[in-house]
Structures are given as C-alpha cells and as structure tokens.
Amino acid sequence: MEDGFALGDFDVCDSGDGGDGDGDGDGHLDWCTRRRPSCPSCERPRIACWCPFLPSPKVRIDGRVLILQHPGEAKRGVRTALMAARGIHGDRCRIVVGRKFPGEDQELRRALEDPDTHLLYPGEDSKELTELQGPRGRTLVVLDGTWDEAKCVEVQH
Ligand SMILES: [Zn+2]
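What you see is a predicted model, and the numbers here were worked out from it, not measured in a lab.

Rules used in this analysis
Residues numbered from 1 in each chain as written. Predicted model: local features only at pLDDT ≥ 70, side-chain atom pairs only at ≥ 80, totals over all residues. Helix = DSSP H or I, 4+ residues; strand = E, 2+ residues; numbered from the N terminus. Buried ≥ 20, exposed ≤ 12 C-beta atoms within 10 Å, placed from the backbone. Contact = placed C-beta atoms within 7 Å. Core = buried A, V, L, I, M, F, W, Y, C linked by C-beta atoms within 7 Å. Pairing = 2+ DSSP bridges. Axes fitted to C-alpha atoms, helices over the stretch in contact; angles between N-to-C directions.

(A) Region of the structure containing the overall build of the protein chain. Tallying secondary structure elements over the protein chain gives five helices and six strands in all. Written out in order from the N terminus, the α and β elements of the protein chain read α-β-α-α-β-β-α-β-β-α-β. Considering the protein chain as a whole, with its 157 residues, one finds that 13% of them fall into the buried category. Sequence-distant contacts in the protein chain: of pairs separated by 6 or more residues, those separated by 24 or more amount to 57%.

Right, dumping it as structure tokens:
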C-alpha cells in the first residue's frame, strides 16, 4: 500500500501529446496558447484546486466575516479570501475588492457603521476577540493583501 497523494483525486489535464496540451508538441505550456481549465468553485487551475482540503463540514460561525481585498491581492490569484468564504458555512463571509470602503456600497456602509463590527488589525488599542460581545453576533472585518497594501486601504466606519 502506498502512502501520500492519489493523483486520481484531481482532474489533471492530460492531452496525451507529451504534456504541453496544445497538440503540436513544441513545448509551449497550455497557458501560453489557451486558458487552463480551472475549478469553478475556487477559480484555481484544476491541478492546484484546494477544494478537497476545505473543512468538512464547513465551519459554523455566529457572526459574519467581511473581507476587504486590495486589488493587488485579487490579481495574485491564490484566492485565500475565497478559501475562507468557501470554508465557512452559509452566506456569512463576503469579499469586497477595492481601496476605499465603503464607497457607494450601501450594504457595506451599514455593516461598517454597525457598532458590532470590528476591524481585525494589530495596534496599541487592539482588544482580544474574547473581549468583544454583541447581542446579534459580530462582524469581523479582515483586510486582505500584503501589509503595505493593507496600510493603504481606507476604511470609514
Ligand atoms: Zn477548486
């Protein structure tokens, strides 16, 4: 019996022409000539799909998670924010891409103005999560990007 990964669990693109997938055997990778097939759930190339590693059952939370994503992070394509959204049960994790929030998004404005909404960020006045109590469940705001990008994100609340 063998340990480790079973490649059969993944939908690996194999055209049988020597690996480059475009049928001419010239060595150009698939992504040079056409879009690689991607997973509709995690939006990653099939071979890098992380869906089988999501928690099962999904994590149940009382409150909500609001991920404010810098456009630079959206471009990187690792999709860690989506990983959180796909791993949380129900419609409790929302991802919004931008640099200034809430912008024109009225639903987002209401969420950011709610006193039970808290920004997850290290600082002198930060509180422990266990100190925060709200009768209706809290909303945690998470900035998604590099530290430099996160510092550039403007959140009005
Ligand atoms: Zn996937």
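(B) Structural view of the nonpolar core. Within the largest apolar cluster, eleven residues are counted, these being Cys42, Leu66, Ile67, Leu68, Ala81, Leu82, Cys93, Phe101, Ala111, Val141 and Leu143. Contributions of two or more residues to this core are made by strand E1 (64-69), helix H3 (80-87) and strand E5 (139-144). Take this core: its biggest share by element is three residues, from E1. With residues up to four places along the chain from it excluded, the contact list for Leu82 reads Cys42, Glu43 and Ile95.

(C) Focus on the sheet that holds strand E2 (residues 93-97). Read from one edge to the other, the open sheet built from four strands follows the order E2-E1-E5-E4, with strand pairing classed as parallel. The open sheet has two edge strands, E2 and strand E4 (117-120), and neither has a second partner. Taken over all neighbouring pairs, the strand axes of this sheet differ in orientation by 25° on average, direction set aside. Pairing analysis gives five bridges linking E1 to E2, with the strands arranged parallel. Paired with Leu68 across the bridge in E2 is Val96. Along the sheet face, H3 touches E1, E2 and E5 and points at about 160° away from the line of E2.

(D) Region of interest: the environment of Cys42. Within the secondary structure, Cys42 is located in the loop between helix H1 (30-33) and E1. For Cys42, a count of 21 C-beta atoms within 10 Å translates into the label buried. In this structure, Cys42 is in contact with Cys49, Trp50, Cys51, Arg79, Leu82 and Arg86, ignoring residues within four places of it in sequence.

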